[in-house]
Structure formats: structure tokens, C-alpha cells
Amino acid sequence: MAYSDKVIDHYQNPKNVGTLDKSKNNVGTGLVGAPECGDVMRLQIEVDEESGLIKDAKFKTFGCGSAIASSSLATEWLKGKTVDQALAIDNMDIVEELNLPPVKIHCSVLAEDAIKAAINDYRVKNGLPELTLEQKPH
Amino acid sequence: MVNYFELYALPVSFHPHTANVKFKFYELSRTWHPDRFAQADDATRAEALRMAALNNDAYKTLSNPDALMAYILRLYGMLEEEEKYNLPPDFLMEMMELNELISEYELDPANEEARSEATEAIESEFREWDLEVAPLTQRFNEGEHTPELLSEIKDYYFRRKYLLRIQERIATFATPK
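Residues numbered from 1 in each chain as written. Chains lettered and ligands numbered in written order. Predicted model: local features only at pLDDT ≥ 70, side-chain atom pairs only at ≥ 80, totals over all residues. Heavy atoms only, no water.

## What about the pairing of strand β2 (residues 39–47) of chain A?
All names here are of chain A. Note the threshold: Burial classification: accessible surface area is computed with a 1.4 Å probe over protein chains only, and a residue below 20% of its type maximum counts as buried, one above 50% as exposed, and the rest as partly exposed. Numbered from the N terminus, helices here are DSSP runs of H or I no shorter than four residues, and strands are runs of E no shorter than two. Two strands qualify as a pair provided DSSP detects at least 2 bridges between them.
Judged by how many residues are buried, β2 sits mostly within the fold: nine of nine residues are covered. Residues Asp39, Met41, Leu43, Ile45 and Val47 of β2 are buried on one face, and the alternating residues Val40, Arg42, Gln44 and Glu46, pointing to the opposite face, are buried as well. The pairing of strand β1 (residues 27–34) with β2 spans eight bridges and is antiparallel. Bridge assignment links valine 32 to a residue of β2, and that residue is methionine 41. In this structure, the hairpin formed by β1 and β2 is closed by a connection of four residues, where glycine 38 is found at a positive phi of approximately 80°. The pairing of β2 with strand β3 (residues 54–62) spans eight bridges and is classified as antiparallel. Bridge pairing links glutamine 44 to lysine 58 in β3.

This is the structure we're talking about:
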């Protein structure tokens, strides 16, 4: 199966690989896994407390090219958004942007799950109720 | 449709007797061999082909422990296609750390220390898995076919996927010693 140029670009030059200080109150960490293929993904957001905007996002993914590209793209999209806007990122937006084939859609679902898990971690740390998330099949 | 254990007249078990599995495979391979049906009508020939294919699938599954674990879980309705199964965060964290350790080895495959640290870590995970699963599968093999027990086994089934994935990853860059 051939990867799209965008996937290859994100895979070869992943954006925002790294770690944020998870002990900080304005940092939300999402750790998710894809049980069928054994991929693991960690995605973190840092929220600017003044403006409420996500000022930084980092990820670390162990998985296939599409999983790495999906999380790399997700961190790019997260920066500059409010937490509510971030919540609206849909896996199908990632599929479309990266031209993911149907067998790789679960990689984009994993990235969406990671975003939501990071937001939930941030919410819980800041005394907001945890959101119940709709379960999409991988 | 008969299941593989019924086809081979074996008790449902995570550890079917290897010699019995082979014996049945050869026996059924002879029974349904296409040469024996060369003169038969279309329907009979098609049936023989179907049975030969079923026999091949049964043998492949019964002689591969990972495939067999998935098969038994499915047989008892415990596993869905592409199921999204959540493992606890501490396990995912552990897998993240293990992957990071493997990355250090990947960056410098000639470094003996990185190599032994990474390979020992994954080997110890597999050993631990074996030790923890053995008493569960034994209880099942002895007749305890309860959903409670099967869901415990299912948890280990998914944990193993992560370990296999890491092992596969090592194989992409490591040269056999």
C-alpha cells in the first residue's frame, strides 16, 4: 500500500515530537493505544491560562506511518485553538487531509482519542467534569 | 458450521495435543484430497474443496497459540472484529517506556548495553505474560468455561498484542546475534 505524500512528509519530518511537563496544571496528557495493532500514542496540550488557547502540543507515537502522521498533524492543528475548538477535531478531517486509505482510518481515530484524552486530563486537573466520549470503532 | 475442535474431535483447549492435531490434519487431508473426487459431480467436488480448506484453516489455527487464543475467545463470543479494547493507563505507560527503551537501542544497534537492556526488558515481559496466563488457560482447559475467566484471558490477549508489536519492531532493525 502506498502512503500519500503528506503522510510521508509527516512521517519523515514529524512535527512537535516530544514531552511537556505533565505535572503542570495547564498541561493535559492523553495516552491511548490501539489494541489490534499494538500502537501507543501520547499526546499533550499546554493551555495558556490567560487566553484559554492551546499554546503548545507535543506527541510521541510508536506505530505505523499513518499513526505517526495522524498525531503529528493533530498537534499542528491543536496549536492556537481553544480547548472547545480542539474538541471538535474529527478523525475524518485527519483522514481527508492525509488521504488515509480505509484500512488506516483507525490511526486517525486513535489521534482523535488522544486529543480527547488530553483534554479530559486537562479538564479534570482544572476542576471541570470529565466528558464522556463517544466510542468510535478503531 | 462445525468448529475446529469438533472437526478434529478434540476437547476445546488452549493447548490441544500437538500429535493429535497433526494426526487429524493428515487424516482429513487424505479424506478430502481433491484427487479422490476427480470423477465426482460438481457439488461433491465443491464440498470436498470446502472441507479441505476448512481442514487447512483448522490446522493453522490449532497449531498457532496466538491465533488459537483469538479463535477460542471468538468461539465464546468474547471478541469482536476490530474490537476497541481499553487497557489500563499504567499498562499503556509501561508499553510507552518499553518502546522508548527500544528506541535507544534502535539509535545505536551496535551498542551492546542498549541491546541487552532492550532485549532483556521485552523478554522479561513475555516471560511474565506466560507465567500469568498459564494458570488461567489451565483452568479453562480443565473445564472452567466461564465468561469471567475468559474475560481475564482476553485482557492478556490484548496485552500480548503490544508485546508482539514491540518484538516486530526490534526485528526490523536488529541483526540476529
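## Quick look at the packing of helix α1 (residues 5–12) of chain A against helix α2 (residues 65–78) of chain A
Residues and elements named next belong to chain A. The criterion, for reference: Note on method: axes are straight lines fitted to C-alpha atoms, helices fitted across the in-contact stretch only, with angles between N-to-C directions ranging 0 to 180 degrees. Angles are sorted into four bins: roughly parallel if under 35 degrees, roughly antiparallel if over 145, roughly perpendicular if 65 to 115, and oblique for all others. Residues are treated as being in contact if the distance between any of their heavy atoms lies within 4.5 Å. Residues are grouped as follows: nonpolar covers Ala, Val, Leu, Ile, Met, Phe, Trp, Tyr, Cys and Pro; charged covers Asp, Glu, Lys and Arg; every other residue, Gly included, is treated as polar.
For the pair α1 and α2, interaxial distance at closest approach is 8 Å and the crossing angle is 80°. Between α1 and α2, the angle falls in the class roughly perpendicular. The residues of α2 that touch α1, namely those facing Val7, His10 and Tyr11, are Gly65, Ser66, Ile68, Ala69, Ser72, Leu73 and Glu76. Residues of the contact of α1 with α2, tallied by class, amount to five nonpolar, four polar and one charged.

## Considering the packing of aromatic side chains
All names here are of chain B. Keep this limit in mind: Only Phe, Tyr and Trp rings are paired, with Trp represented by its six-membered ring, and only when their centres lie within 6.5 Å; those with planes under 30 degrees apart are stacked, over 60 edge-to-face, the remainder tilted. For a Lys NZ or an Arg CZ to count as sitting over a ring, it must be within 6 Å of the ring centre and within 35 degrees of the ring normal.
Inspection of every chain in the model, using the stated rule, returns eleven aromatic pairs over all chains. With a centroid separation of 6.4 Å and an interplanar angle of 40°, the aromatic rings of phenylalanine 5 and tyrosine 71 are classed as tilted. Of this pair, phenylalanine 5 sits in helix α1 (residues 4–7) while tyrosine 71 sits in helix α4 (residues 65–75), placing them 66 residues apart in sequence. Residue classification places tyrosine 71 among the buried positions, given a relative accessible area of 17%. Ring geometry for tryptophan 32 and phenylalanine 37: centres 6.0 Å apart, planes at 10°, overall stacked. An aromatic cluster of at least three residues, connected via ring pairs, comprises Tyr4, Phe5 and Tyr71. Taking NZ or CZ as reference, arginine 159 lies 5.9 Å from the ring centre of tyrosine 156, over its face.

## Looking at the domain arrangement of chain B
Residue and element names in this part refer to chain B. Let me state the cut-off plainly: Domain start and end points were adopted from an automatic or database domain assignment. A simple way to read buried area is as the amount of 1.4 Å-probe accessible surface that goes missing from two parts once joined, with both sides added. Whenever a nitrogen or oxygen atom comes within 3.5 Å of another N or O atom, the pair is scored as a polar contact, on the condition that within protein one atom can donate a hydrogen and the other can accept it, and that pairs from neighbouring residues in sequence are kept only if both atoms are in side chains.
Splitting chain B by domain gives domain 1 (4–63) and domain 2 (89–171). The distance between the C-alpha centroids of domain 1 and domain 2 comes to 33 Å. Contact with domain 1, which involves four residues of that partner, is made by six residues of domain 2. When residues of domain 1 are sorted by the area they lose upon contact with domain 2, Val12, Phe14 and His15 head the list and together hold 89% of the total. Inspection of the domain 1/domain 2 interface yields three residue pairs in polar contact (both at pLDDT 80 or more). Residues belonging to the side of domain 1 that touches domain 2 are distributed by class as follows: two nonpolar, two polar and no charged.

## Details of the interface of chain B and chain A
Using the following cut-off: Any carboxyl oxygen of Asp or Glu within 4 Å of a side-chain nitrogen of Lys or Arg constitutes a salt bridge here.
Counting residues at the interface gives 19 residues for chain B and 21 residues for chain A. With both sides pooled, the region where chain B packs onto chain A buries about 1,800 Å², and carbon together with sulfur makes up 58% of that total. By the criterion of area lost to chain A, the three top residues of chain B are Lys84(B), Met96(B) and Arg165(B), representing 39% of everything that side buries. Scanning the region where chain B abuts chain A turns up four salt bridges. Asp113(A) is the partner of Lys84(B) in a salt bridge, and the nearest nitrogen-oxygen pair spans 2.7 Å. Counting across the interface, chain B meets chain A through four residue pairs in polar contact (both at pLDDT 80 or more).

## Some words on the pattern of salt bridges
In the structure shown here, the tally under the stated rule is 20 salt bridges over all chains. Measuring nitrogen to oxygen at the nearest pair gives 4.0 Å for the salt bridge that ties Glu46(A) to Lys55(A). Under the relative-accessibility criterion, Glu46(A) is labelled buried at 10%. When the shortest N-O distance is used, the salt bridge between Arg45(B) and Asp42(B) registers 3.3 Å.

## So, the sheet that holds β1(A)
All names here are of chain A. The antiparallel open sheet is built from three strands, whose spatial order is β1-β2-β3. Every interior strand has two partners, whereas the edge strands, β1 and β3, have only one. Across this sheet, the average inter-strand angle for adjacent strands is 15°, counted without regard to direction. In the packing of α2 onto the sheet, contacts are made with β2 and β3, and the angle to β3 comes to roughly 175°. Most of the contacts of helix α5 (residues 105–125) go to β1, to which it runs at about 145°, and overall it touches β1 and β2.

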